[in-house]
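# Architecture at a glance
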Amino acid sequence: MRWLFVIWFILSVAYVARRGNARFTFGRQLSDHSTFLAPINVLCYLFSPLKATAYINEDRFPELAPLKANWKIIRDEALAVDAAQKISASTNYNDIGFNSFFKTGWRRFYLKWYDEPHPSAQLLCPVTTRLLQEIPTIKAAMFAQLPPGASLVRHRDPYAGSVRYHLGLVTPASPKCYIDVDGQQYYWRDGESVMFDETYIHYAKNETDVSRIVLFCDIERPMYFRWTAALNRMFSSVVMRAASSPNEEGDRTGFLNRAFKYVYAIRRVGKRLKAWHRPTYYVVKWVLFGSIFAGILYAL
């Protein structure tokens, strides 16, 4: 049993690492969170009718049409939230999924996260949250802002159980404000949408003087069989829901984010160790990773 797991894990990681045209270096991929979820993600790829392409044809998701049809209303609510300075970075180490993005200027206001809409979102964005709730395949949503000069570093999202939808609300409509997915660039335009597979390596930059705001949604990846769809929903409801982050007091905070401030304290120690002596840092890092993997094998 444990050797079957080892073989499946190695094959899955190799597939994820070589998927697409853009690649991480061996060391970068080995410590990336997509490596640890590779065995689950490969199942999502194998049992989904979606083609293995960076950008996805929206015709496969006709249920999303009401979002584009109401984009001006959604934009007005997003602008009101922005005017109230609610599209912001987390300052309390309670956003494990996007914490690293805040350093380069990215901002967000959560509408829902694998659960009911946040109370703060329902209060400020009643039409948008209603539209989202009427589309069951939308598992998470937020207003995502990329101010002038901001960027997102090259990364893969960890879980392949969803695909990403962006609807342009306030955009520079310029090639200088773009997202690059697996080496292919797209720039946002007001009222236009794009879908892509966020488990390909991607990054974004805003080199204009206009702040970009999009409606950002995680859409459930379609599956061939009911049992694979059920497994995907079960994983999402347990693991992804645990990463729920609040906009303000009264919004739900998932277990992972309640624990994140303690985990981040350990991470800060690691950063100080890395600044002091990089070889020692990497020895400690790989010993820890090896211990975790060995513990999993022992449990099997």
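It should be noted that the structure appears before, not after, this text.
Not measured: the values here are computed from a predicted model.

## Some thoughts on the overall build of the protein chain
- When its secondary structure is counted, the protein chain shows 11 helices and 9 strands.
- Overall, the protein chain is about 55 × 50 × 40 Å in size when its C-alpha atoms are taken along their principal axes.
- For the protein chain, buried positions account for 47% of its 300 residues.
- Sequence separation of at least 24 residues holds for 75% of the intrachain contacts in the protein chain that already meet a minimum separation of 6.
- Carbon and sulfur atoms make up 62% of the accessible area of the protein chain, which amounts to about 15,100 Å² in all.
- If the 38 positive side-chain charges of the protein chain are averaged to one point and the 25 negative ones to another, these points end up 9 Å apart.

## Section: empty space enclosed by the protein
- Applying the stated rule across the entire model yields 2 cavities of 30 Å³ or more.
- Together, 17 residues line the largest cavity, and W106, L152, R164, H166 and F216 are the ones closest to its centre.
- Listing elements by their share of the lining of the largest cavity, those giving two or more residues are β3 (151-155), β4 (162-170), β8 (202-206) and β9 (212-220).
- Ranked by the residues each element gives to the lining of the largest cavity, the list is headed by β9, at 3 residues.
- Of the residues that constitute the lining of the largest cavity, the class distribution is 11 nonpolar, 3 polar and 3 charged.

## Details of the sheet that holds β3
- Within the open sheet, the 4 strands sit side by side as β3-β8-β5-β6. Their pairing is antiparallel. Two strands in the sheet have a free side with no partner beyond their single neighbour: β3 and β6 (184-187). Sheet twist, expressed as the average angle between the axes of neighbouring strands with direction ignored, equals 20 degrees.

Conventions adopted
- Residues numbered from 1 in each chain as written.
- Predicted model: local features only at pLDDT ≥ 70, side-chain atom pairs only at ≥ 80, totals over all residues.
- Heavy atoms only, no water.
- Helix = DSSP H or I, 4+ residues; strand = E, 2+ residues; numbered from the N terminus.
- Buried < 20%, exposed > 50% of the residue type's maximum accessible area, 1.4 Å probe, protein only.
- Contact = heavy atoms within 4.5 Å.
- Areas by Shrake-Rupley, 256 points an atom, 1.4 Å probe, with all protein chains shown as cover.
- Lys, Arg positive; Asp, Glu negative; His and termini not counted.
- Charge placed at Lys NZ, Arg CZ, Asp CG, Glu CD.
- 1 Å grid on protein atoms, 1.4 Å probe; cavity = no way out; pocket = protein on both sides within 12 Å on 5 of 7 lines; lining within 4 Å.
- Points joined across faces, edges and corners; volume = space filled by probe spheres on them.
- Nonpolar A, V, L, I, M, F, W, Y, C, P; charged D, E, K, R; others polar.
- Pairing = 2+ DSSP bridges.
- Axes fitted to C-alpha atoms, helices over the stretch in contact; angles between N-to-C directions.

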